[in-house]
Amino acid sequence: MDEFITLTYNGKEIKLPVITGSEGEKAIDISTLRAETGFITLDPGYGNTGSCLSAITFMDGEKGILRYRGIPVEQLAEKASFKETAYLLINGRLPNREELTRFSVMLNDNSLVHTDLKAFYQNFPRASHPMGILSSMVNAMKSFYPELDTLEEEINITMTRLLAKVRTMAAMSYKISRGHEIVLPRPDLTYCENFLNMMFDTPVRSYEMKREVVNALRVFWILHADHEQNCSTSAVRMVGSARVNLYAAISSGIAALWGPLHGGANQAVIEMLTAIQKDGGNCAKAIERSKDKNDPFRLMGFGHRVYKTYDPRAKIMKKMCDELLESMHINDPLLDLARELEAFALKDPYFVDHHLYPNVDFYSGIVLRAIGIPTKMFTVMFAIGRLPGWIAQWKESMDDPKWRISRPRQIYTGSLKYDYVPIHAR
Ligand code: CMC
């Protein structure tokens, strides 16, 4: 039976439909509100605003649930390949063997990067942040790959190109930053192996592929593959809603992800842990600082807009981090510090009352360090993992016949009308 919320204003009753999601979440459809009442809603930061209907990812922030297309992320992290997960997100279901082979061939065939793109990398100032470079490069890709005849063909090839080439471009930028020769992708390696090989193989020392490292990268990317309407995904959808090309939409997602409150938190966590370590490893002091409203310091890798319990991704990441470091015989003092900081925070009444728990970024940096990824590239790693999600969300919005250009309104609080004053009279 259809459900409504009745709003009474000035003696007039307005019935607003209730929308119920497949997991029972409820929303009030306010799309007729302004026409019927002249009012808009105000929700800074969109904490109470649903921007779309989506069948891609389900999150329950109270229970700590995350599922891609219905499948629990725990199962995917344990059993799936990153490629399968990307296929699942974009196409809505797991591929059969034949579809997966076709997808792998497509990714392999598109994994080379136009050599002229190399010149772009070489001309960025040395100190440029890799996320700024990546965002610009993805936007630049549009000029390198001319449009195909049909829109369907163009969309399919662009999605594949992005998944295949961004990984190559990320490794390429690392090699160029070190002044080393670029290592090309190889058809005999898996998606994760290929990235590691392009990053770390050199003419003087072949990269030794370790099973646990490949697995760690697979899990890292799966855990980052989608997270419904977060800041960067909303950026992709919003920019995409102007019907801009997919490269430009993804480029805007990368720019949003760069922020330290979002994907940039993985770099910020390591920087924070290093600073605490230099300060004598005083966790209590860091916790106190993070609670002080006059101090801009926050505990990076803690808190989440949606999760009010332990982030399910962080749970998997923490376990994987422990296992990886143990199997590689790495003793990282930052891991000990992170554990200590977590224990302090989880006991602290402020953190308990505010429901602040570690998020995915808290332990991910330690995993990436163990793999050998330089700190400045951490958020690029997040971006590669998030690509399938951004693409799936963009595609869903493009396929939605009701999708309109995103155009929020505002409540104007500026000056009332006054007349222009010529410069000599000011
Ligand atoms: N350290 C200390 N206090 C915090 C923290 C933190 N990390 N996070 C939130 N709070 C406090 C905040 O001060 C506020 O307190 P009060 O209500 O007393 O004023 C309350 O908790 C709510 O915080 P908020 O900023 O209104 O929450 P939000 O939903 O707008 O922000 C967040 C979410 C993730 C941006 C925030 O928790 C944060 O800045 N965390 C640190 C950065 C971080 O780890 N980001 C990665 C997020 S997960 C990966 C991703 O999806 O990108």
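A short note on the sheet that holds strand E2 (residues 12-20)
Here's step 1: The strand order across the open sheet formed by three strands is E1-E2-E3, and the pairing between neighbours is antiparallel. Edge positions in the open sheet fall to strand E1 (4-9) and strand E3 (26-28), since each of these has one partner strand only. The mean inter-strand angle of the sheet, taken between neighbouring strand axes irrespective of direction, is 30°.

What to know about helix H17 (residues 361-371)
Here's step 1: In terms of burial, H17 is largely enclosed, as 10 of its 11 residues are buried.
Here's step 2: If you check which residues of H17 are buried, you get Asp361, Phe362, Tyr363, Ser364, Gly365, Ile366, Val367, Leu368, Ala370 and Ile371.

Some details on the packing of aromatic side chains
Where two aromatic rings form a pair, the distance of their centres and the angle of their planes describe that pair.
Here's step 1: If you walk through the whole model with that rule in mind, you get 14 aromatic pairs.
Here's step 2: With centroids separated by 6.1 Å and ring planes inclined at 75°, the aromatic side chains of Tyr174 and Phe200 adopt a geometry described as edge-to-face. One end of the pair, Tyr174, is in helix H7 (residues 151-178); the other, Phe200, is in helix H8 (residues 191-200), with 26 residues separating them in the sequence. The burial state of Tyr174 is the same as that of Phe200; both residues are buried.
Here's step 3: On the basis of an interplanar angle of 75° and a centroid distance of 5.7 Å, the ring pair of Tyr191 and Trp221 is categorised as edge-to-face. Within this pair, whereas Tyr191 is found in helix H8, its partner Trp221 is found in helix H9 (residues 211-223), the two being separated by 30 residues in sequence. Here Tyr191 matches Trp221 in class, with each residue buried.
Here's step 4: Taken together through their ring pairs, the aromatic side chains of Phe302, Tyr350, Phe351, Phe362 and Tyr363 make up a single cluster.
Here's step 5: Taking the ring centre of Phe4 as reference, the NZ or CZ of Lys15 above it sits at 4.6 Å.
Here's step 6: Cation over ring: Arg237 sits above Trp403, and NZ or CZ is 5.5 Å from the ring centre.

Side note on the sheet that holds strand E5 (residues 65-68)
Two pairing modes exist for strands in a sheet, parallel and antiparallel, and in both the strands are linked by backbone hydrogen bonds.
Here's step 1: Taken in spatial order, the three strands make up an open sheet running E4-E5-E6, and their pairing is antiparallel. Because the sheet does not close on itself, it has two edges, and the strands there are strand E4 (57-60) and strand E6 (71-72).
Here's step 2: The pairing of E5 with E6 spans two bridges and is antiparallel. Bridge assignment links Tyr68 to a residue of E6, and that residue is Ile71.

Overview of the site of the ligand
Here's step 1: Around the ligand sit 21 residues, and of these His262, Leu299, Gly301, Arg305 and His354 come closest.
Here's step 2: One nitrogen or oxygen atom from the side chain of Arg305 is found 2.7 Å from an oxygen atom belonging to the ligand.
Here's step 3: One of the side-chain N or O atoms of His354 is found 2.7 Å from an oxygen atom in the ligand.
Here's step 4: Contact with the protein chains covers 76% of the free accessible surface of the ligand, which is 940 Å².
Here's step 5: Among the residues forming the shell around the ligand, the class breakdown is nine nonpolar, eight polar and four charged.

Digging into the side chain of Arg218
Here's step 1: Its place among the elements puts Arg218 in helix H9.
Here's step 2: In this structure, Arg218 is buried with no salt-bridge partner, the nearest side chain bearing the opposite charge being Glu84 at 7.2 Å.
Here's step 3: What Arg218 contacts, discounting residues up to four positions off in sequence, is Leu76, Ala77, Glu78, Lys79, Ala80, Ser81, Phe82 and Cys192.

Thoughts on the packing of helix H3 (residues 82-91) against helix H18 (residues 378-399)
Here's step 1: Between H3 and H18, whose axes approach to 8 Å, the crossing angle comes to 15°. In terms of axis orientation, H3 runs roughly parallel to H18. Once H3 is placed against H18, the crossing between them reads as right-handed. Between H3 and H18, the contacting residues are Phe82, Ala86, Leu89 and Ile90 on the first element and Ile384, Gly385, Pro388, Gly389, Ile391, Ala392 and Lys395 on the second.
Here's step 2: Residues that form the contact of H3 with H18 fall into these classes: eight nonpolar, two polar and one charged.

Some details on the domain arrangement of the protein
Here's step 1: What the domain assignment lists for the protein is domain 1 (4-60), domain 2 (73-257) and domain 3 (265-371).
Here's step 2: Taken over C-alpha atoms, the centre of domain 2 sits 27 Å from the centre of domain 3.
Here's step 3: The partner domain 3 presents 17 residues to the 15 residues of domain 2 that form the contact.
Here's step 4: Three residues stand out in domain 2 for area buried against domain 3, namely Phe220, Leu223 and His227, and they jointly supply 39% of the buried area on that side.
Here's step 5: Put simply, domain 2 and domain 3 have zero salt bridges between them.
Here's step 6: Seen at the junction of domain 2 and domain 3, the total is three residue pairs in polar contact (both at pLDDT 80 or more).
Here's step 7: Taken together, the elements giving at least two residues each to the side of domain 2 that touches domain 3 come down to helix H2 (73-79), H8 and H9.
Here's step 8: Counting residues per element, the side of domain 2 that touches domain 3 draws most heavily on H9, which supplies seven residues.

Scoring rules and cut-offs
- Residues numbered from 1 in each chain as written.
- Predicted model: local features only at pLDDT ≥ 70, side-chain atom pairs only at ≥ 80, totals over all residues.
- Heavy atoms only, no water.
- Pairing = 2+ DSSP bridges.
- Helix = DSSP H or I, 4+ residues; strand = E, 2+ residues; numbered from the N terminus.
- Axes fitted to C-alpha atoms, helices over the stretch in contact; angles between N-to-C directions.
- Buried < 20%, exposed > 50% of the residue type's maximum accessible area, 1.4 Å probe, protein only.
- Phe/Tyr/Trp six-rings, centres within 6.5 Å; stacked < 30°, edge-to-face > 60°.
- Lys NZ or Arg CZ within 6 Å of the ring centre and 35° of its normal.
- Near = heavy atom within 4 Å.
- Polar contact = N/O pair within 3.5 Å; in protein donor to acceptor, adjacent residues only side chain to side chain.
- Areas by Shrake-Rupley, 256 points an atom, 1.4 Å probe, with all protein chains shown as cover.
- Nonpolar A, V, L, I, M, F, W, Y, C, P; charged D, E, K, R; others polar.
- Lys, Arg positive; Asp, Glu negative; His and termini not counted.
- Salt bridge = Lys/Arg side-chain N within 4 Å of Asp/Glu carboxyl O.
- Contact = heavy atoms within 4.5 Å.
- Parallel < 35°, antiparallel > 145°, perpendicular 65-115°, else oblique.
- Left-handed = near helix turned anticlockwise from the far one by under 90°.
- Domains from an automatic or database assignment.
- Buried area = accessible area lost by both parts, 1.4 Å probe.

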